Structures are given as structure tokens and as C-alpha cells.
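The residues making up each chain are set out below.
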Amino acid sequence: MATLVSFHAHPDDECIACGGILRKAADEGHRVVLVVATRGENGEVPDGFLDEGEPLWQRRVAETEESAKILGVQRVEFLGYVDSGMMGTDTNDVPGSFWSTPVEDAAEKLAAILRTEQADVLTCYDDNGQYGHPDHIQVHRVGMRAAELAGTPRVYQATMNRDHMLRGMRALAEQNPDMRLPDTEANEFGKPESEITAAVDVLSYLDTKRQAMRAHASQISEQSFFLTMSDEAFGHAFGTEWFIRAGQGPGITETDLLAGL
């Protein structure tokens, strides 16, 4: 059996990007470790949602612990950095923000966990952080460097399949002619299919992913896009988890991040 460490920027990222592969690995008997860079201090929350005097970060940490149980995670660690907010905002440069932290410093923190766990596999994000969020981009930089420092043999960059997303949206538009498609290429969501090297079928874990999303109630309400979309649309959007592994390909050559371990 192997150890998988999954590195994310904020609470709730783990279930959206990698919930299927985490639960799959746990069910197959592997050790699963979740590392989160920040506690999501700059998330948005409806008025009256938090108890009087309760800081958002405290609720989000508790939500992460609950999500981790649902996903079969055996260890949760927070690196202790501050949520940097969206790109170009004043919060990017707040002392202690993840975006403003030297990559080498944060990478050594993560590498220490990788060494202790003797990690076989690390997941982080692609070089644009899936959609350009500063903390997500930093997860890529820190994750890749930490794997070098710790000698972690397999590193997978979680991404979104831009072409797959467009196919799904075009199919929806055919059924709903008045629907306007977003320009995902201009927004730099994900990567083109030609750059992706691993696709993991997690259709059998869709209910688990939705359960884990519900655990993050401060950010993912019952009225959210994630929880109101049809089962068919949810399956298309989240039934496959996509990754890039340097040195693999061209094309998709892997369907299991832990194959042979």
C-alpha cells in the first residue's frame, strides 16, 4: 500500500478537485493525507451564518475535518498561511498571506510532511492554479518544489479539462438555446485536453463528493451551483478528475494515480 498526500489552497478545494481520488485511494487501503495551505479566512459567508464572535477560519477548519472524514483522509494538516484573496486585491500582500510567502519557505514546510509520511504520490495544481487564483498558483509552485526537496516520486497536477468542459456546455446549450456559453479559454480555466496525461473515473464516488461539499456549508450552500445541478450535469463536470504528470504522455496514459504501488 502507498501514501497519497493531496495539497490544496483552501478548505473545500479538496472535495471539488480531488474528492474522488481521495476516497478511492482510502477504499483501496492506501494512506491519505490532506494538507491545506490556508484556513480560508477571506471566503464569503451569508450574514448570520456564523455564531456571534465566531471567526470564519474556525468554522472552515471544522468543515474541513468533517469533509476529510467523508473522504477517508487519515491526517489533516494546515500550513498556517493566510488566505490571499482573489488576484489583484490588497489581501495578496498581507503579511503571512500564502501568495506573499517565499516559495522555498513554504515548500520546506510541505516537504517535512512528505518526508515524515514517506509519500509516494503528491497532488498539487497546474501552473495556472486551475483558474488563476493566487493561492492556487502558489500551491503549484510550492508543491512542485516540495516534491523535489523530499524526493517524492510521483507528482500529479490537478487541473480541469477545458475541452471536456466546453463539450458539456455546448450540449447544455443545444438543449437550452438561450443559454450563453462563457469564454472558458479566455478565462484560462483548466488546460486543453492535449496537455492532460491522467484521467481518473470517479463516477462511483459522486455521492461522496457531494456529501463532502455539503460539509463545507459556509461556502457551498444547498442553493449553490454544485448542489443544484442535475445528476447528469454533475456527473459530466465531476465524474472524472484530471491531472498532468511531467514526463508522461503525449495524451492521457494513466487512469490511476496509485497504479503499481
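Every chain begins its residue count from 1, and numbering advances along the sequence as written. With the structure being a predicted model, the display of local features is reserved for residues of pLDDT at least 70 and the display and counting of side-chain atom pairs for 80 or more, all residues being used for whole-chain, interface and lining totals. To obtain the side-chain values, all non-hydrogen atoms of the structure were included, while hydrogens and water were left out.

1. Regarding the side chain of Asp 126
Part 1 of the reasoning: Within the fold, Asp 126 resides in the loop between strand 4 (121-125) and helix 4 (134-150).
Part 2 of the reasoning: Two N or O atoms count as a polar contact when they lie within 3.5 Å, although within protein this holds only if one can serve as hydrogen donor and the other as acceptor, and sequence-adjacent residues are included solely when both atoms are side-chain atoms. One polar contact links the side chain of Asp 126 to the main-chain amide nitrogen of Asn 128, over a distance of 2.9 Å.
Part 3 of the reasoning: Contact between two residues is taken to exist if any of their heavy atoms lie within 4.5 Å; hydrogens are not considered. Once you skip the residues sitting within four places of it in the chain, Asp 126 turns out to touch His 140, Gln 157, Ala 158, Thr 159, Gly 190, Lys 191 and Ile 244. Every helix listed is a DSSP run of H or I at least four residues long, and every strand listed is a run of E at least two residues long, numbered separately from the N terminus.

2. Points about helix 8 (residues 231-238)
Part 1 of the reasoning: Only protein chains enter the accessibility calculation, which uses a 1.4 Å probe. A residue is then buried if its area is under 20% of the maximum for its type, exposed if over 50%, and partly exposed in between. Taken residue by residue, helix 8 has Ala 233, Phe 234, Gly 235 and Phe 238 as its buried positions.
Part 2 of the reasoning: Where helix 8 is buried, its residues contact helix 1 (13-27), helix 6 (206-215), helix 7 (225-228) and strand 7 (240-244).

3. With respect to the packing of helix 3 (residues 103-117) against helix 4
Part 1 of the reasoning: Where helix 3 contacts helix 4, the two axes come as close as 8 Å, and the packing angle between them is 55°. When the axes of helix 3 and helix 4 are compared, the pair comes out oblique. As for how helix 3 packs across helix 4, the hand of that crossing is right-handed. Across the interface between the two elements, Val 103, Glu 104, Ala 106, Ala 107, Glu 108, Leu 110, Ala 111, Leu 114 and Arg 115 from helix 3 touch Gln 138, Arg 141, Val 142, Gly 143, Arg 145, Ala 146, Ala 147, Leu 149 and Ala 150 from helix 4.
Part 2 of the reasoning: The residue inventory of the contact of helix 3 with helix 4, partitioned by class, reads 11 nonpolar, two polar and five charged. Simply put, an axis is a line fit to the C-alpha atoms, just over the touching stretch for a helix, and the angle between two N-to-C directions goes from 0 to 180 degrees. An angle below 35 degrees is treated as roughly parallel, one above 145 as roughly antiparallel, one from 65 to 115 as roughly perpendicular, and anything else as oblique. Working rule for handedness: look at the near helix, and if it is turned counterclockwise from the far one by less than a right angle, call the crossing left-handed; if clockwise, right-handed. Only Asp, Glu, Lys and Arg are considered charged in this grouping, and only Ala, Val, Leu, Ile, Met, Phe, Trp, Tyr, Cys and Pro are considered nonpolar; every other residue, Gly among them, is considered polar.

4. Points about unusual backbone geometry
Leaving glycine out, the prevailing phi sign among residues is negative, and the prevailing peptide bond configuration is trans.
Part 1 of the reasoning: The linkage connecting Gly 249 with the following residue, Pro 250, adopts the cis geometry, with an omega of 10°.
Part 2 of the reasoning: In this structure, Pro 250 sits in the segment after strand 7.
Part 3 of the reasoning: For Asp 12, which is not glycine, the phi torsion reads 95° and is therefore positive.
Part 4 of the reasoning: Structurally, Asp 12 is set in the loop between strand 1 (3-8) and helix 1.
Part 5 of the reasoning: The phi dihedral of Gln 130 is positive, around 75°, even though this residue is not glycine.
Part 6 of the reasoning: Its place among the elements puts Gln 130 in the loop between strand 4 and helix 4.

5. Some points on the nonpolar core
Part 1 of the reasoning: By convention a nonpolar core is built from buried Ala, Val, Leu, Ile, Met, Phe, Trp, Tyr and Cys residues, the set being connected through side-chain atoms within 4.5 Å. Ranked by internal contacts, the top residues of the largest apolar core, which has 61 residues, are Phe 7, Ile 21, Leu 22, Val 35, Val 73, Phe 98 and Phe 243.
Part 2 of the reasoning: Tallying contributions element by element places helix 1 first for this core, with seven residues.
Part 3 of the reasoning: When sequence neighbours within four positions are dropped, the list of residues in contact with Val 35 reads Val 5, Ser 6, Phe 7, His 8, Glu 77, Leu 79, Leu 110 and Ile 113.

6. Looking at the side chain of Glu 241
Part 1 of the reasoning: Position of Glu 241 relative to the elements: it lies in strand 7.
Part 2 of the reasoning: A relative accessible area of 2% means that Glu 241 is categorised as buried.
Part 3 of the reasoning: Side-chain polar atoms of Glu 241 contact the backbone nitrogen of Gly 19, separated by 3.4 Å.
Part 4 of the reasoning: The contacts of Glu 241, once residues within four sequence positions are left out, are Ala 17, Cys 18, Gly 19, Gly 20, Ile 21, Ala 198, Ala 199, Val 200, Val 202 and Lys 209.

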